[in-house]
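A structural walkthrough
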Amino acid sequence: MRAYDVVVVGGGAIGMASAREMARAGLSVAVIDRGRLGGEASSAAAGMLGAQLEAHAPDAFYALCRESRAMYPSFADALFEETGIDVEWVENGILQLARSEGAALALRERMRWQRAAGDEAVWLEPEEVRELERGVVGDVLGALYLPRDGNVHAPRLSAALRACVASACDVYEGEEVVAVEPVGAGWRVRGAREVYAAERVVVAAGAWASPLLRALGIPLEVRPVKGQMLAVRPPRGAGLCRTVYDAGTYLVPKRDGTVVIGATEEPDAGYDKRNTVDGLAALLAKALDAVPGLRGGEWLRAWSGLRPRLTGDSSNPVIGPWPGAEGLILAVGHFRNGVLLAPITGRIVASAALGRAPEDLWLPFWPQTRFAARGGDVRADTLER
Ligand SMILES: Cc1cc2nc3c(=O)[nH]c(=O)nc-3n(C[C@H](O)[C@H](O)[C@H](O)COP(=O)(O)OP(=O)(O)OC[C@H]3O[C@@H](n4cnc5c(N)ncnc54)[C@H](O)[C@@H]3O)c2cc1C
C-alpha cells in the first residue's frame, strides 16, 4: 500500500492549491482524481476574482475573498516561476450596471460599505460608463465600478496548478475514491484501483463530495449548481477592456481579446453538464443587450461546469479540520468563488495539515468554530477510533 503524509481527494483548483502548499511545506502528498486534474468546475469557470462583486455584506466571506484576491499577484507570479504557465492574472476591474432605480440604490449602498471597509468602489453616471467602456449602450442608469476586482484564465490556472502538483506530489488520475476510512492513527483511502494510506486526508471533491462526507458521518451536503458558458470573439474594435456585469450575466474579456460570457445558474440540473439551446440563447440575449457591439462577432464555443454549493443556512465554504476526526480536513463548498478562493484555501488547508492554529479571519469557515457558533453538534461521532 502506498503511504503519504496527506492524500488529497479531488484535484480541482481547491485540491491542487492545497496540495501545492502542503508539498511546499515538506509533506509527502498524493492527489487522487476520478478524472483529470482540473477537469471539472475549475476549468469551466470564468476566472473572475470578484471579491467585491460577490460580497453582499461587510462580513467574514467578504474579508476572506479580499484576502485571497490580494494573494493573487504573488500566487500568479509563483505559478509562472514554477511552471512557465502564465495564468493571465489581470486587475482590470468589474463594471456592475444598474438598469433600474432599485438596482442603482442597491449598488450605491454596496459602494458605501465597501468604501468604508477600505476598498475602491466608484459610482459612474451613464456617460462615464460609456466613456470607460464604449461597448455598453442602452438604458443604463449608471454603474458601480470595482477597479480592484480582476480575473485569471481559469483553464490556464488549472494547467499551472496541475504542473506544480505533478512535479511535487504523486498524482493518480482516473482513480475514483470510493471510501475514506479511519485506521489506527491514520486513514485508509480506497480507490477503485488501489488503496492508499495517509496520516491526513483532505476532501476536496467539489460537487461530488456528498457521498464521501455522508459515509464519514459528516452532516454536510454539497449539491451541483450547473453553469453554462460561452465564448465569442468580438468584431474588430468592439472588444471589452474590463468585465461587464449586468443583472447576473457577465462578459469577461481575456488577454487574447475573446470574451467569455456566463453563466446560467441551474440548481436542478443535477450532474447533467449538457449545454442547452435555452440556456445559451438566454445568455447571449442578455450579453447582446448589455454590449450590442458583439453582434457580428465570431462564435467560439460553449461549455458548462458544476459549482459545488453547500446546502443549509450558509453557502460559504467549509475549510479546515473536522472536529473529532483527527487528520480529516475538509475544503468543500466553494460554489461561485473557488478560483478566487484557491490561494487562501491552499494556505488554510496546509496550515491545518501542519496542526497550526487558525488565523482569526479563517474561523467562520473552520468547522470547529463555524458549527459550534451555530450551536450544532458536529462532532463526528461516527468516527470512533
Ligand atoms: C460556469 C462557472 C463559472 C464560474 N466562474 C467563476 C469565477 O468567475 N470565479 C470564481 O472564483 N469561481 C467561479 N466558478 C466557481 C469555481 O469554478 C468553483 O468554485 C471551483 O472550481 C471549485 O473547485 P473544486 O476544486 O472544489 O471543484 P472541481 O474543480 O469541480 O474539482 C473537484 C474534483 O474532484 C474530483 N472528484 C470528485 N469526486 C471524486 C472522487 N470520489 N474521487 C476522486 N476524485 C473525485 C473531480 O473529478 C474534480 O476534478 C465558476 C463555476 C462555474 C461552473
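Note that the coordinates shown come from a computational prediction; the quantities given were computed from them, not determined experimentally.

The rules we used
Residues numbered from 1 in each chain as written. Predicted model: local features only at pLDDT ≥ 70, side-chain atom pairs only at ≥ 80, totals over all residues. Heavy atoms only, no water. Salt bridge = Lys/Arg side-chain N within 4 Å of Asp/Glu carboxyl O. Helix = DSSP H or I, 4+ residues; strand = E, 2+ residues; numbered from the N terminus. Buried < 20%, exposed > 50% of the residue type's maximum accessible area, 1.4 Å probe, protein only. Phe/Tyr/Trp six-rings, centres within 6.5 Å; stacked < 30°, edge-to-face > 60°. Lys NZ or Arg CZ within 6 Å of the ring centre and 35° of its normal. Near = heavy atom within 4 Å. Polar contact = N/O pair within 3.5 Å; in protein donor to acceptor, adjacent residues only side chain to side chain. Nonpolar A, V, L, I, M, F, W, Y, C, P; charged D, E, K, R; others polar. Domains from an automatic or database assignment. pLDDT = per-residue confidence, 0-100. Contact = heavy atoms within 4.5 Å.

Points about the pattern of salt bridges
By the definition in use, this model includes 27 salt bridges. The residue arginine 24 makes a salt bridge to glutamate 21 at a minimum N-O spacing of 3.6 Å. Placement of the pair is arginine 24 and glutamate 21 together in helix H1 (residues 13-24), with a separation of 3 residues, close to one helical turn. Judged by relative accessible area, which is 22%, glutamate 21 ranks as partly exposed. Ionic contacts of the salt-bridge type, sharing partners, join the residues Arg20, Glu21, Arg24 and Glu82 into one network.

Details of the packing of aromatic side chains
Counted under the stated rule, the structure contains 7 aromatic pairs. Their ring planes at 55° and their centres at 5.8 Å tell us that tryptophan 322 and phenylalanine 371 sit as a pair that is tilted. On the criterion of sequence distance, the pair formed by tryptophan 322 in the loop between strand S17 (318-321) and strand S18 (328-332) and phenylalanine 371 in helix H10 (residues 367-373) is long-range, its members being 49 residues apart. Judged on exposure class, the residue tryptophan 322 and its partner phenylalanine 371 are both buried. Here the basic side chain of arginine 301 rests over the ring of tryptophan 303, its NZ or CZ set 4.0 Å away from the ring centre. The ring of phenylalanine 335 has arginine 309 sitting right over it, with the charged end atom 5.1 Å from the ring centre.

Let's talk about the site of the ligand
The environment of the ligand is made up of 39 residues, and the closest members are Asp33, Ser42, Met48, Arg336 and Leu340. Here a nitrogen atom of the ligand and a backbone polar atom of arginine 34 are 3.0 Å apart. At 3.1 Å from a nitrogen atom of the ligand is found a main-chain nitrogen or oxygen belonging to alanine 46. Among the elements of the structure, H1, strand S2 (29-33), helix H2 (41-44), strand S12 (222-233), strand S16 (298-310) and helix H9 (338-353) are those that each provide at least two residues to the shell around the ligand. Tallying contributions element by element places S16 first for the shell around the ligand, with 4 residues. Among the residues forming the shell around the ligand, the class breakdown is 20 nonpolar, 12 polar and 7 charged. Three or more residues apiece are contributed to the shell around the ligand by two domains, here domain 1 (2-47 + 155-221 + 312-372) and domain 3 (223-309).

Quick notes on the confidence of the model for the protein chain
Per-chain confidence: the protein chain averages 95 in pLDDT, with 97% of residues scoring 70 or above. Within the model, the stretch residues 375-385 combines pLDDT values under 50 with 23 contacts to residues more than four positions away or in other chains. Reported confidence for the predicted complex is 0.99 by ipTM and 0.96 by pTM.

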